[in-house]
Amino acid sequence: MTIKDLFENSCAKFAERKAISFVNGFPMTYSVMHKEVDKAQHLLIRMGVRKGDRVAILSHNMPNWCITYFAITTMGAIAVPILPDFHSDEIKAILAHADCKVIFVSKRLESSITGLSSDLLTHLMIIDDFSLIMGSLNDEETLTAIEPVFESDTASIIYTSGTSGKSKGVELSHKNITFNAEMCLHIQDVNERDVFLSILPLSHAYENTIAFLLPIMQGASIYYLEKPPSASILIPALGKIRPTTMLSVPLVIEKIFRNQILPKFTSSAPVRILYTRVPLFRKLMHRIAGIKLRKTFGGRLRFFGIGGSKIDAVVERFLKEAHFPYAIGYGLTETAPLIAGANPSQVHYQAVGPVLHGVQIRIDNPDPHTGIGEVVTRGDNLMKGYYKDAELTQSVLTSDGWFRTGDLGCFDKKNRIHLKGRLKNMILGASGENIYPEDIESVINNLNGVVESLVIEEKGKLVAMVHLNYEELEKQYKQMRADTIQYIAERTEEWNKQLDRILEELKRNINMRLNRFSQIHSVVAVSDPFEKTPTQKIKRYLYAH
């Protein structure tokens, strides 16, 4: 199946059902969406776009993003979705690498491409209203027919923003994408009564396949936020749309738990003692909080997918005990994206399995004691390769078609996958032990006063870099001045002494919770939040020594 097949089938089958809309907009039906795609495709043809040409989309989520994507892919051209968070230099590098002559850009992001010369782009169109601001349109008489589209044709080139720093153009075929969307139905049923609320970038494979193409394939409705998903925007949207399905990254639900739910359990000493020491009381509190949380999400949520990075164990325990309909998935852009996942009834604590129907996984070079090794996979969802980079493609693909994910994991007795972190992040201990910094960071992030952390190796020792919650610390240490942040900047002697005491106490608390070979040698405070990828993973390469 091609994306053209998927689109045409859905528009015929669900013609009068609601398809896409802004939260506060008027929903567009499938038949109207089809007409709008035809109009946009006509503009592409008049710009001289032909099958195989690369067309960039640089925009926040909106109905016109969907229309543009379908207009490009259903005529055999190649969509190049660019993440809105990319720096202008990255955007220009992507446009040059993919040889994009045409770009659709939102008004909010137009400044990101200022100064681009006409020898790089021939046409620039504002996606909000499809107004052309660079280039000209050909006469109607010069138009040529659209060529057939095949499932082996490239549908999209998605440039990743990973933790290693270098963007790679992942080339995905029509079959890669539609196969992955279809196989997701073996995990969770999606139908025309489902309502999706989209909060992740459509330019990311995770949202693109599972929360865009999958619901369109099944006749569901999708709603988009007019503004970034802050609490003041998201909560009213949840009440209005009352979604049945959402996708998220761990950071979203982790923030909700730590900022809104956990403080209620620890606000007074008696409640805090019961919550931390009496499991039955904790479970009861979680169950009550879960009822309120489901109401906040609109009351009819049946699938809350979490992916992009590993969820914190404490937060997942809350979701499980709260009976919140969460599910964990695992995948990469290179696998279009899903490799394994579960629905809320199948989810198992800290596991991401089972493996997606039609996909294979094995563990390479497993540790004889733990069974942990590199996760490798193959299936019809596996990318064609990295665009214009045969050497890099060969380095991750085996001769018999398996893809080396770079992730470490193992199977449990019921064949579920448990992930341990990235192979390149693993630290080899002094006695040959494998140390997984992500596991240590999970421990640190659950300590009072810590917002986030990063564990690195420095001269053979483990160092924890921590971004502290200075407002929380101010409550705990009353002697600190009200202008704590200014104090940090001034590096006064009083603050240095105070900070040293805090970090030393934090180190003791961390090491009390870790095994012998994972002990932290020192804790270092960082004043600013860590820089992250669009899926909220820390860009580790920026902090490696």
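Here the structure is a predicted model, which means the values were calculated and not measured.

(A) View of the nonpolar core. By size, the foremost hydrophobic cluster in this structure holds 117 residues, and its most contacted members are Ile-20, Met-33, Tyr-69 and Phe-212. Counting residues per element, this core draws most heavily on helix α6 (residues 205–218), which supplies 9 residues. Here Met-33 is in contact with Phe-7, Cys-11, Ala-19, Ile-20, Met-28 and Ile-216, once residues within four sequence places are set aside.

(B) Expanded view of the sheet that holds strand β24 (residues 461–468). Overall, mixed pairing links the 3 strands, which are arranged β23-β24-β25 in an open sheet. Looking at strand neighbours, the two that pair on one side only are β23 (450–458) and β25 (522–526), the edges of this open sheet. Within the sheet, the average angular offset between the axes of one strand and its neighbour, ignoring direction, is 25°. Across 8 bridges, the pairing between β23 and β24 is antiparallel. Its bridge partner being in β24, Val-455 is matched across the sheet by Ala-464. The strands that helix α13 (residues 437–445) touches are β23 and β24; relative to β23, the one it contacts most, it runs at about 145°.

(C) Structural context of a nonpolar patch on the surface. Among the surface-exposed residues, Leu-274, Val-278 and Leu-280 lie close enough to one another that they form a single nonpolar patch of about 270 Å² accessible area. Relative to the assigned elements, Leu-274 resides in helix α9 (residues 269–277). Of the residues examined, Leu-274 reaches a relative accessible area of 36% and is grouped as partly exposed.

(D) Local environment of the sheet that holds strand β19 (residues 403–411). Read across the open sheet, the 4 strands follow the order β16-β17-β19-β20; overall the sheet is antiparallel. Looking at which strands have only one partner, the edges of the open sheet turn out to be β16 (359–364) and β20 (417–422). When strand polarity is set aside, the average angle formed by the axes of neighbouring strands in this sheet is 45°. Where strand β17 (residues 373–379) and β19 come together, 4 bridges link them in antiparallel fashion. Each residue of the ladder has a partner; that of Val-376, found in β19, is Arg-404.

(E) Examining the pairing of strand β14 (residues 326–331) more closely. Taken together, the 3 bridges between strand β13 (residues 303–306) and β14 define a ladder with parallel strand orientation. Opposite Gly-305, over in β14, you have Ala-327 as the bridge partner. For the crossover that starts at β13, traverses helix α11 (residues 313–321) and ends in the parallel β14, the hand is right-handed. Note: β14 against strand β15 (residues 338–341), 3 bridges, orientation antiparallel. The residue bridging Gly-329 from the neighbouring strand is Gly-341, located in β15. Connecting β14 to the antiparallel partner β15 that follows it, the hairpin turn spans 6 residues, and Ala-336 within it adopts a positive phi of roughly 65°.

(F) Just the side chain of Ser-156, in detail. Mapped onto the elements of the fold, Ser-156 is located in strand β8 (residues 154–159). With relative accessibility at 1%, the residue Ser-156 sits in the buried group. For Ser-156, the side chain forms a polar contact with the main-chain oxygen of Ala-79, separated by 3.2 Å. Residues within four places of Ser-156 in sequence aside, it is in contact with Tyr-69, Ile-78, Ala-79, Pro-81, Val-170, Glu-171, Leu-172 and Ile-177.

(G) Just the environment of Leu-419, in detail. Its location among the elements puts Leu-419 in strand β20. A residue is classified by how much of its surface remains accessible, and Leu-419, at 17% relative accessible area, is buried. In this structure, the C-alpha to C-alpha distance between Leu-419 and Glu-321, residues 98 residues apart in sequence, is 22 Å. What Leu-419 contacts, discounting residues up to four positions off in sequence, is Lys-310, Tyr-330, Val-352, Val-375, Leu-408 and Gly-409.

(H) Region of interest: the packing of helix α10 (residues 279–296) against α11. Packing of α10 against α11 brings their axes to within 8 Å, and their N-to-C directions diverge by 75°. The orientation of α10 with respect to α11, classified from their angle, is roughly perpendicular. Across the interface between the two elements, Arg-282, Lys-283, His-286, Arg-287, Ala-289 and Leu-293 of α10 pack against Arg-317, Phe-318 and Glu-321 of α11. By residue class, the composition of the contact of α10 with α11 is 3 nonpolar, 1 polar and 5 charged.

(I) Molecular detail of the packing of helix α8 (residues 250–265) against α10. Where α8 contacts α10, the axes come no closer than 12 Å and their chain directions differ by 125°. Judged by the inter-axis angle, α8 sits oblique to α10. Crossing of α8 over α10 shows right-handed handedness. Touching Ile-253, Ile-256, Ile-261 and Phe-265 of α8 are Met-285, His-286, Ala-289 and Leu-293, all from α10. Of the residues that constitute the contact of α8 with α10, the class distribution is 7 nonpolar, 1 polar and no charged.

(J) A look at unusual backbone geometry. Cis geometry marks the peptide bond from Ala-336 to Pro-337, where omega comes out at -5°. Its identity is not glycine, yet Ala-336 carries a phi of approximately 65°, on the positive side. In this structure, Ala-336 sits in the loop between β14 and β15. Ala-336 gets classed as buried once you look at its relative accessible area, which sits at 0%.

(K) Helix α5 (residues 174–184), seen in detail. The buried count for α5 comes to 9 of 11 residues, which makes it a mostly enclosed element. Looking at α5, one finds that the buried residues are His-174, Asn-176, Ile-177, Thr-178, Phe-179, Asn-180, Ala-181, Met-183 and Cys-184.

(L) How the structure looks around the packing of aromatic side chains. A complete count under the given rule lists 14 aromatic pairs for this structure. Ring geometry for Phe-530 against Tyr-543: centres 5.1 Å apart, planes inclined by 90°, an arrangement best described as edge-to-face. Taken together, the residues span a long stretch of sequence, with Phe-530 in the segment after β25 and Tyr-543 in the segment after β25 at a distance of 13 residues. Each of the two residues, Phe-530 as well as Tyr-543, counts as buried.

Criteria and cut-off values
Residues numbered from 1 in each chain as written. Predicted model: local features only at pLDDT ≥ 70, side-chain atom pairs only at ≥ 80, totals over all residues. Heavy atoms only, no water. Core = buried A, V, L, I, M, F, W, Y, C linked by side-chain atoms within 4.5 Å. Buried < 20%, exposed > 50% of the residue type's maximum accessible area, 1.4 Å probe, protein only. Helix = DSSP H or I, 4+ residues; strand = E, 2+ residues; numbered from the N terminus. Contact = heavy atoms within 4.5 Å. Pairing = 2+ DSSP bridges. Axes fitted to C-alpha atoms, helices over the stretch in contact; angles between N-to-C directions. Patch = residues over 30% accessible without salt bridge, like charges linked within 9 Å, V, L, I, M, F, W, Y side chains within 5 Å. Areas by Shrake-Rupley, 256 points an atom, 1.4 Å probe, with all protein chains shown as cover. Salt bridge = Lys/Arg side-chain N within 4 Å of Asp/Glu carboxyl O. Right-handed = clockwise from strand over helix to strand, strands pointing away. Polar contact = N/O pair within 3.5 Å; in protein donor to acceptor, adjacent residues only side chain to side chain. Parallel < 35°, antiparallel > 145°, perpendicular 65-115°, else oblique. Nonpolar A, V, L, I, M, F, W, Y, C, P; charged D, E, K, R; others polar. Left-handed = near helix turned anticlockwise from the far one by under 90°. Phe/Tyr/Trp six-rings, centres within 6.5 Å; stacked < 30°, edge-to-face > 60°.

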